[in-house]
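Observations on the three-dimensional arrangement
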Amino acid sequence: AFYCNLVFQDKFLLMELNLVKNIYDFSKASDIQNHFVVTTLEQNFNTLYDNYKESFSIIGFELEHFLLTVFSENELFEKHVSKFKPRRFQNEHNLLLISELIKINEIATAEKYCLEQIEHNSKSDYDLPYVKFLILIYKNTNDKQKLADVLSEYGKYIFDIDDYLFIKKHATLEKFKKYRQ
């Protein structure tokens, strides 16, 4: 618990965070140890978050991502969902966040975060994981228009004959022509 507490002080060293990550990894060998470590991390996180609220994200990306990972692995994400936001250019973090949002049926937020990340990406290669989430969301919500729009824009990167037929049937003629180019 001592090292976990150090990480949550106003100024922490990355070395301390790495030590806590190792402690967490080793704690997975025993349910009792894992529960203790996760509970300690959660208590410290709550205190830190209560002290910083909206400016929490400036505390440190590494700490935030580590906690997102711990909470997702230990089914605590839903309890803390409002405390995590996407980070620009941090695809691994953002994809984990969006995946967890979808798991707990926070579909509108997941869609919003996907669209924000796509808008800010400089290369379309980075858009593809977010596009795949959007396709999943639109298929699950049966939103044919949005699905046709996203497939007509990005379908050429993830070609599937069923997607082609769907675009042909549901997209506007203009978007279908753009897709075929």
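Note that the coordinates shown come from a computational prediction; the quantities given were computed from them, not determined experimentally. (Residues numbered from 1 in each chain as written. Predicted model: local features only at pLDDT ≥ 70, side-chain atom pairs only at ≥ 80, totals over all residues. Heavy atoms only, no water.)

**Some remarks on helix 7 (residues 128–140)**
Owing to its 3.6 residues per turn, the α-helix brings residues three or four apart onto one side. Put simply, the test is: Working definition: helices are DSSP H or I runs of at least four residues, strands are E runs of at least two. Numbering for both runs from the N terminus. In this analysis, the expected span of each helix is defined as 1.5 Å times one less than the number of residues it contains. Accessibility here uses a 1.4 Å probe with only protein chains present; expressed as a share of the type maximum, an area under 20% marks a residue as buried, one over 50% as exposed, and anything in between as partly exposed. Residues are treated as being in contact if the distance between any of their heavy atoms lies within 4.5 Å.
Compared with the 18 Å implied by 1.5 Å per residue over 13 residues, the 18 Å span of helix 7 between its first and last C-alpha is a close match. Along helix 7, the positions that sit buried rather than exposed are Leu128, Tyr130, Val131, Phe133, Leu134, Ile135, Ile137 and Tyr138. For helix 7, the secondary structure elements touched by its buried residues are helix 5 (91–103), helix 6 (107–120) and helix 8 (144–154). Positive phi appears at Asn142, one or two residues downstream of helix 7, with a value of about 60 degrees.

**Details of the pattern of salt bridges**
To keep things clear, this is the line we draw: Criterion for a salt bridge: a side-chain nitrogen of Lys or Arg within 4 Å of a carboxyl oxygen of Asp or Glu.
Evaluated as defined, the whole model comprises 7 salt bridges. For Lys79, the salt bridge goes to Glu42, with nearest N and O atoms at 3.0 Å. Separated by 37 residues along the polypeptide, Lys79 in the loop between helix 4 (61–73) and helix 5 and Glu42 in helix 3 (residues 31–52) bring together distant segments of the chain. Residue class for Glu42 comes out buried when judged on its relative accessible area of 10%. Put simply, Asp25, Lys28 and Glu73 are held in one network by salt bridges that share partners.

**Let's talk about the packing of aromatic side chains**
Put simply, the test is: Stacked, tilted and edge-to-face pairs are distinguished by plane angle, under 30 degrees for stacked and over 60 for edge-to-face with tilted covering the rest, among Phe, Tyr and Trp rings (Trp via its six-membered ring) whose centres lie within 6.5 Å.
By the definition in use, this model includes 5 aromatic pairs. When the centroid spacing of 5.8 Å and the interplanar angle of 85 degrees are considered together, the rings of Tyr24 and Phe66 count as edge-to-face. Here Tyr24 is found in helix 2 (residues 14–27), whereas its partner Phe66 is found in helix 4, with 42 residues between them in sequence. Pair check on accessibility: Tyr24 and Phe66 agree, each one buried.

**Some remarks on the confidence of the model for the chain**
Should pLDDT be low for a region, the predicted coordinates there are not to be read in detail. As a reminder of what qualifies: Per-residue confidence from the predictor is given as pLDDT, running between 0 and 100.
Residues with a pLDDT of 70 or more make up 81% of the chain, whose mean pLDDT is 84. The lowest-confidence element of the chain is helix 1 (residues 2–7), averaging 54 in pLDDT; the highest-confidence one is helix 5, averaging 97.

**Structural notes on the side chain of Asp127**
When you line up the elements, Asp127 lands in the loop between helix 6 and helix 7. By relative accessible area, which is 5% here, Asp127 ends up buried. When residues no more than four places from it in sequence are discounted, the contact partners of Asp127 are Gln117, Ile118, Asn121 and Tyr154.

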